[in-house]
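Topology and contacts: notes
Spelled out, the chains give:
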Amino acid sequence: MLVDLHLHSTYSDGRYTPEELVRAAVEKQIKVIAITDHDSWNGFDRAFAEAERHNKGQAEPAIRVLRGVELSTQLEQNDIHVLGYHVSADCVPLLEKMNELRHKREHRLEAMVEKCRALGMDITVEACDHKARTVGRPHIAKVMVAKGYVASVQEAFDKYLHRGGPCYVEQPKLSPKEAVELIHQAKGLAVLAHPSEIRDKSLPEQLVSSLPFDGIEIWHPSVLEDGNKKKWLALAKQYNLLVSGGSDFHGIPDRFPAELGIWKVLYENTAELINYK
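Thresholds applied
- Residues numbered from 1 in each chain as written.
- Predicted model: local features only at pLDDT ≥ 70, side-chain atom pairs only at ≥ 80, totals over all residues.
- Heavy atoms only, no water.
- Disulfide = S-S within 2.5 Å.
- Buried < 20%, exposed > 50% of the residue type's maximum accessible area, 1.4 Å probe, protein only.
- Helix = DSSP H or I, 4+ residues; strand = E, 2+ residues; numbered from the N terminus.
- 1 Å grid on protein atoms, 1.4 Å probe; cavity = no way out; pocket = protein on both sides within 12 Å on 5 of 7 lines; lining within 4 Å.
- Points joined across faces, edges and corners; volume = space filled by probe spheres on them.
- Nonpolar A, V, L, I, M, F, W, Y, C, P; charged D, E, K, R; others polar.
- Polar contact = N/O pair within 3.5 Å; in protein donor to acceptor, adjacent residues only side chain to side chain.
- Contact = heavy atoms within 4.5 Å.
- Salt bridge = Lys/Arg side-chain N within 4 Å of Asp/Glu carboxyl O.
- Pairing = 2+ DSSP bridges.
- Axes fitted to C-alpha atoms, helices over the stretch in contact; angles between N-to-C directions.

1. Topic: the state of the cysteines
According to the stated counting rule, one finds zero disulfides in the structure shown. Free cysteine Cys167: the closest other cysteine sulfur is in Cys116, separated by 3.5 Å. The exposure class of Cys167 is buried, given its relative accessible area of 0%.

2. Remarks on unusual backbone geometry
The peptide bond linking Phe256 to Pro257 adopts the cis configuration, its omega dihedral lying at -5°. The topology assignment puts Pro257 in the loop between strand E7 (242-245) and strand E8 (265-266). We note that His86 has phi near 60°; this positive angle belongs to a residue other than glycine. In this fold, His86 is placed in the loop between strand E4 (78-85) and helix H3 (92-118). The phi dihedral of His194 falls on the positive side, at around 20°, and the residue is not glycine. Judged by relative accessible area, His194 falls into the buried class, the value being 6%.

3. Let's talk about the layout of surface pockets
Estimated volume of the largest pocket: approximately 1300 Å³. His81, Arg137, Phe157, Glu197 and Arg255 are, among the 46 residues lining the largest pocket, the residues nearest its centre. Those elements giving two or more residues to the lining of the largest pocket turn out to be strand E3 (64-75), E4, H3, helix H4 (137-147), helix H5 (153-161) and helix H8 (223-226). Grouping the constituent residues of the lining of the largest pocket by class yields 12 nonpolar, 19 polar and 15 charged.

4. What to know about the side chain of Asp248
Inspection of the secondary structure assignment puts Asp248 in the loop between E7 and E8. Side-chain polar atoms of Asp248 contact the side chain of His8, separated by 3.1 Å. Not counting residues within four places of it along the chain, the set of residues in contact with Asp248 comprises His6, His8, His194, His220 and Arg255.

5. Digging into the pattern of salt bridges
Tallied over the entire structure, the rule returns 14 salt bridges. Notably, a salt bridge pairs Arg117 with Glu114, separated by 3.1 Å at the nearest N-O pair. Residue Arg117 and its partner Glu114 are located together in helix H3, separated by three residues, close to a single helical turn. According to the relative accessible area criterion, Arg117 is partly exposed, its value standing at 38%. The exposure class assigned to Glu114 is partly exposed, which follows from its relative accessible area of 46%. In this structure, Asp122 engages Lys147 in a salt bridge whose closest nitrogen and oxygen atoms are separated by 3.4 Å. One end of the pair, Asp122, is in the loop between H3 and H4; the other, Lys147, is in helix H4, with 25 residues separating them in the sequence.

6. Here's the deal with the sheet that holds E4
The mixed open sheet is built from eight strands, whose spatial order is E7-E6-E5-E4-E3-E2-E1-E8. A strand with exactly one partner marks an edge of an open sheet, and here the two such strands are E7 and E8. As judged from the four bridges shared by E4 and strand E5 (residues 189-192), these two strands associate in the antiparallel manner. Counterpart to Tyr85 in the pairing with E5 is Leu189. Seen against the sheet, helix H9 (residues 229-238) touches strand E6 (215-219) and E7 and runs at an angle of roughly 155° to E6.

Here it is as structure tokens:
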């Protein structure tokens, strides 16, 4: 049985709506998904309602949707993402913090757009309510591609939007400790996301040994590039961590995976996290 516990929708920097993600997962026979938008779980209710529509009248549910979120944090010059699963929607501190972070992201977006315009690029990104959608660099990158300034989203990041790039603006972020604490306040599981993408390769162990993480994301496409799957599995065993996995699907054509279902995660490898109570 297939699952995918790391998906992004139009509520952050994904291409597809929550409903479209659910329908695509059902079509690909992915039985459990989590929409883990950046600093937002506002797409969950729509995804859950779509899942209920598919499950109605079925002897066996077609799909299950977990409430999830991905919080962006920073430690020195390292971007560290923390996934939250089974979080309670009634947690006021986390809700308020996510609203605050999305509002700050909008100001950051405006500053980056101005930098693009100063370089002669006519960039406009659709305004949004900071209480609903999370905006970031991928939104600018997509406009760059559409306008023909670059050939791909990756080229936009490589030339203009990388840290220190000519159109980059620092993003206000939580610390990993703050993110873990907020997720625990929401009665959720705090999972270290894609450790292979952390610049300082000594940090994953430092983080899980010093902070009360509940799990680590191992079955992620980044393990194909660095071959560290065995290392992260050993780390999970050493620190008694639950194991998570997902495609980190955004629906961006030049970003792997280009389609849902290409990156396969088995239920048996993530069952403890999925069924945690």
